[in-house]
Each structure stands twice: as C-alpha cells, then as structure tokens.
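Residue-level structural notes
Here is how the chains run, residue by residue.
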Amino acid sequence: MTESKVVLHFPPHLVDKPLIYKLSRDFDLEFNILKASVTPQEEGILVLELKGDDDNFQHAIAYLKENGVDVQALTQDINLNYELCIHCGLCVPICPVSALVKDGETDEVKFVKEKCIACELCGKVCPYNAIEVSLNA
Amino acid sequence: MTKTIQEINEKIKKGQAVVVTAEEMIEIVRKKGEKQAAKEVDVVTTGTFGPMCSSGAYINIGHAKPKIKLGGGEVYINGVEVYAGFAAVDIYIGASSLPPDDPRNKIYPGEFRYGGGHVIEELVAGKDLVLTATAYGTDCYPRKELRTLINIRDLNEAVLFNPRNCYQNYNVAVNLSDRIIYTYMGTLKPKLGNANYCSAGQLSPLLNDPYYKTIGIGTRIFLGGGTGYIAWWGTQHNPGVERSENGVPLSPAGTLAVIGDLKQMKPEWLRGTSMLGYGVTLTVGIGIPIPVLSEEIAYYTSVKDEEIYTQIVDYSKPYPQGISESLGQVNYAQLRSGKIRISNKEVPTGSLSSYVKAREIANILKEWIKQGKFLLTEPVAKLPQAESDYKFKPLKIREV
Ligand code: SF4
Ligand code: SF4
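Residues numbered from 1 in each chain as written. Chains lettered and ligands numbered in written order. Predicted model: local features only at pLDDT ≥ 70, side-chain atom pairs only at ≥ 80, totals over all residues. Heavy atoms only, no water.

**Considering the domain arrangement of chain A**
So the rule is basically this: Note that domain bounds follow an automatic or database assignment of domains.
According to the domain assignment, chain A contains domain 1 (2-73) and domain 2 (77-135). Centre-to-centre, using C-alpha coordinates, domain 1 of chain A lies 32 Å away from domain 2 of chain A.

**So, the interface of chain A and chain B**
Basically, it comes down to this: Any two residues whose heavy atoms approach within 4.5 Å are treated as being in contact. Buried area is calculated as the accessible area (1.4 Å probe) missing from two parts once they are joined, with the contributions of both summed. Throughout this description, the term salt bridge denotes a Lys or Arg side-chain nitrogen within 4 Å of a carboxyl oxygen of Asp or Glu. Within 3.5 Å is the distance limit for a polar contact, defined as a pair of N or O atoms, with the added protein rule that one can donate a hydrogen and the other accept it, and that residues adjacent in sequence qualify only through two side-chain atoms. The helix and strand labels rest on DSSP assignments: H or I over at least four residues marks a helix, E over at least two residues marks a strand, and numbering proceeds from the N terminus. Gly is placed with the polar residues, together with every amino acid not listed as nonpolar (Ala, Val, Leu, Ile, Met, Phe, Trp, Tyr, Cys and Pro) or charged (Asp, Glu, Lys and Arg).
Between chain A and chain B, the contact holds 21 residues from the first and 29 residues from the second. Here chain A meets chain B over a buried area of about 1,800 Å², counting both sides, of which 52% is carbon and sulfur. On the surface where chain A and chain B come into contact, there are 2 salt bridges. Between chain A and chain B we count 10 residue pairs in polar contact (both at pLDDT 80 or more) in total. No other element matches helix α3 (residues 121-125) of chain A, which puts 3 residues into the side of chain A that touches chain B. The residue makeup of the side of chain A that touches chain B, split by class, is 11 nonpolar, 5 polar and 5 charged.

**Brief notes about the packing of aromatic side chains**
Keep this limit in mind: Only rings of Phe, Tyr and Trp enter the pairing, Trp through its six-membered ring, and a pair is recorded when the two centres are within 6.5 Å. The plane angle decides the type: under 30 degrees is stacked, over 60 is edge-to-face, the rest tilted. Residue exposure (1.4 Å probe, protein chains only): buried if accessible area is under 20% of the type maximum, exposed if over 50%, otherwise partly exposed. Geometrically, a lysine NZ or arginine CZ counts as sitting over a ring once it is within 6 Å of the ring centre and also within 35 degrees of the ring normal.
Under the criterion given, the structure shown has 18 aromatic pairs over all chains. When the centroid spacing of 5.6 Å and the interplanar angle of 50° are considered together, the rings of F27(A) and Y63(A) count as tilted. Taken together, the positions of F27(A) in the loop between α1 (19-25) and β2 (30-38) and Y63(A) in helix α2 (residues 54-66) put the pair 36 residues apart, joining distant regions of the chain. According to the relative accessible area criterion, F27(A) is buried, its value standing at 13%. Classification of Y63(A) as buried rests on a relative accessible area of 16%. Ring geometry for W233(B) versus Y390(B): centroids 5.5 Å apart, planes at 75°, classification edge-to-face. Separated by 157 residues along the polypeptide, W233(B) in strand β16 (residues 226-233) and Y390(B) in the segment after α7 (355-370) bring together distant segments of the chain. A residue is classified by how much of its surface remains accessible, and W233(B), at 19% relative accessible area, is buried. For Y390(B), a relative accessible area of 33% puts it in the partly exposed group. Through a chain of ring-to-ring contacts, three or more aromatic side chains come together here, namely Y167(B), Y170(B), Y184(B), Y278(B), Y315(B) and Y319(B). Sitting above the plane of the Y355(B) ring, R336(B) keeps its charged end 3.6 Å from the centroid.

Okay, structure coming up:
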C-alpha cells in the first residue's frame, strides 16, 4: 500500500483530458484533491493525496508521466513576505535549521530559502502573517 | 548650559534645531562628552514598535434614521465584539477583543487570526467594515437592529486611546519546564529553548528619560504614524523599582497612557497582531522627542544597550503563579546579539519589539522636527516620580 501527496503539472493541451478519472478506473487508486488551479499560462496544477496498491501506484505515476504530466512529491513552499514582516525576530529562535536569521548590522530578518525544510513552525509563530505557506512542488 | 523648550521651539521654527536619534546620540556623547553634546544637540528622538495589549480606539458612528441606542446593547465590527457601555453611538474597540465564535484556546494553541487589533488596523487603512448591533429600543431611540458598512472617513470621531503602552524595560521570558508554552511573550520552547525579550533598548522612549524629567502628561508624540499626546501615566506604572547607577530601571517600571486622532494614523504603524496560544493584540508605533535641556539630559539620552539590564523570568511556573523570581539579569547588547547564557547554556534570543521599526520611527520624528512640522510641548504635569510612593499593587482576593 502506498499513500502519498503529489503535485501534478498539466501542460495546457492536457488540461481538459480525463487523466485523473483513469487513476481510479484503471489503477484503482483512491484520491483526494487538495488543491486545483490553472495558472495564467493555462498550465493546470493539481495537488492530490493518492492511496492504493504499490504496483498500481507506480504504474499510475508512469502513466501520467508518459502522457506528459510532470509529477513531483509535495513539499510546502515557504516564503517571507517582506511587506508584512516587521523584523521583530520572534521567528528566529523557532526555526530548527536557521533559515530565518537576523542580520547583525541592520537588525533585519532574512529568509534563507535554500535551508528551509518547510516545517511551517515559523508560520504559526509569526504574529503578522508574514510567513506564507503555499502548496507547491 | 541649560535650554528651555521655548528656545528649542524657536530654533525648530527657523529650521535651525539640531535633532538626532537616540542611537546617534550615543556616538555624539562618546566623542564629544555630555557638555558639548548638550550645547550642540537640541532634541533626541526615540522610538518603539511592539505589541501593546492595553490599546484601543473609541469611535462615534453618527445617528441613523430612526435612531438606535447602542449603549447597553451588543455591537460587533467584522464579527468582533466591541464595547458599547457608553452613550447612544459611542463605542470602544479593544485591541484584544475576539469574535464570539473564535475557538480561542479550545483548539490548543489557538491561532487568534482576527480580533480587535485587526479591526483597528483595517479601520485606519480606510477599509469598509461591517457593523452589526442589537439594542433594546427606547421612546427616543426606537431602532432595535442595525447592520451597515462603516468607514473611518464617515465617522465623527475616531480616537486611539491606549491605557498602557510604552513599558519602560521588560522581562526576558524563558521556559524551564519540559513542555512548549505559548505566552504573550511568544512561543517558548522547553528547557531554555529560547529567550524572548520586548524592548527597543537604547532607542526606547522611557529608557532615554529614566526619571521622566521631560516626558510628562501633555507631551506631544509620534503615535501610530500621526501626532498624539501622553494623556496620563499608564496603568501599572511602577516608578519605584530598583535602578542601576545610571537611573535605568532593572525591571518593568514606568508606562504611558496615550491618545491621538486615528484619522491621521497609518496602518503600517498600528498592526493587528496574533500571538499563538495567547490572543490578539495591537502593535503600536510610538516615538517621543526628548528636549536636551541640560547636560544631565544629554547623559540620559546617551544610554546604550550595554548599560540597560533586565531580568530573566521563567514563564512556565513562577510568572503564572505570580511569584516574582529572577533567574539573573542580562543587558540589551547581549539580547540583541542573538544569544545569551543562562546557567551555562547558550540560549537563542527572539524579540517581540522591532528594533528596525523603532529606528525608522525615531528617524521619521527627527525629520518632522527638522522640517518644522512638529513642535515640542511643555508637559502640563509630571508622571508619578521614582521617589514617590506610587506603585503597582497585586490584587488581594477577598472573600465575598
Ligand atoms: S516573526 Fe514574522 S514579523 Fe517577526 S521577523 Fe519573523 S517573519 Fe518577520
Ligand atoms: S518553515 Fe520551518 S525550516 Fe522553513 S523557515 Fe520556517 S521554521 Fe525554518
């Protein structure tokens, strides 16, 4: 049994194809749509929670890829909105990997995206909603 | 060398006043000494931007046709309960008020994403807000229900009036227990996982005038991006605490009650604030000018982070139980460095108050004064002084 959250990117020509329908009909997967959107470039983004037999799961992913769908495991995308941030630094000691740091000279708080493991702890702690969590691959 | 506020105001009007921020004053006094600094500098500007729960705004919404008496009724703005125990159309929006259906800490820790602080921020931002009210109806005020959009530009008065802001020094909060705790000082990780503080230190208004020699009732100030005044001393004003040799209190001491026209203020300097597991509050921008009337004032305004000490307090047990107990003291230079040592453990620090924004406020106020847009005021009365016996008392619970 495999259970996993995935992010699917559909190129514009695939947006109206019934690919997801096949996941349940041909591969017997249970799915839950967590997020669905179409970007301004007409690319479709679908975040799914998939559950099913290991083999079927692998075949389903292969099927999607063969059809031109880009498949990635879900990770949260974290961003610091500098418009909302007041540089208090409350989040700094909360981050487990020092991805939020205070500049010793300017006292400004900086977000080092490369270090972030998307644990979302800072998002809960920030009093000003300055940490933005988006579902992205 | 002494000056009067009147003389300084004359210079401000002519565009000749020398105005520096409290940060800049440190360097000036270090290089030239207090004597020379007092001669050269006329005004030192200070600033602070931190969460201040005892904040709120009263508004007068005007009379509807037919009229309604909100006093004694129930009123909500964007679902947040506001206080209506006044006359027909005066209401007070408290910063920490919540919508009745907010789960609070039932889902622990509560997120408190919207409350009075956010209503005030949105009102100042010029947004339309939904006001709903129910009243009991009288012969002179027959209407019993009201549902309308309101906007700050249509209100008669909109006044920020905060009973306690601008704490002179504050505790450093830590957690010695082995579970995470959620406090008004932020999230505190177990076993000294972090240490949170809340003061702009060397930029903070009352730390630059420790004995309230120039700051008093009636002092004109920067408040929320507009002009305001010190209305009174703040609640819990406690001037008699122990002080260092430089006069700076070693624990929370003086406080201010402030007032000002909300219509002039800016949402950037009045921010609705959500403290995880604690509640909603308002982060308020305050800047106070200090006239350098003498060498003594020059000395006080040159205070630096290294010379301002505060107490480390355990918020897991002693604080909630009302037991005052310090784990030791640290200064703001140590706190701002990002880590302090507590019983041989290196503890990372976090701040609630924004030093960056405090500096910005001190600079804005400096510009206002330099451009002649802001004149200084003589206080009309003093705040209760350090040597008075005025103090902050606990509540003694008495049998009913
Ligand atoms: S807690 Fe929020 S406002 Fe404060 S520094 Fe971190 S992201 Fe910025
Ligand atoms: S999401 Fe987690 S790892 Fe990323 S910055 Fe926030 S606290 Fe640090």
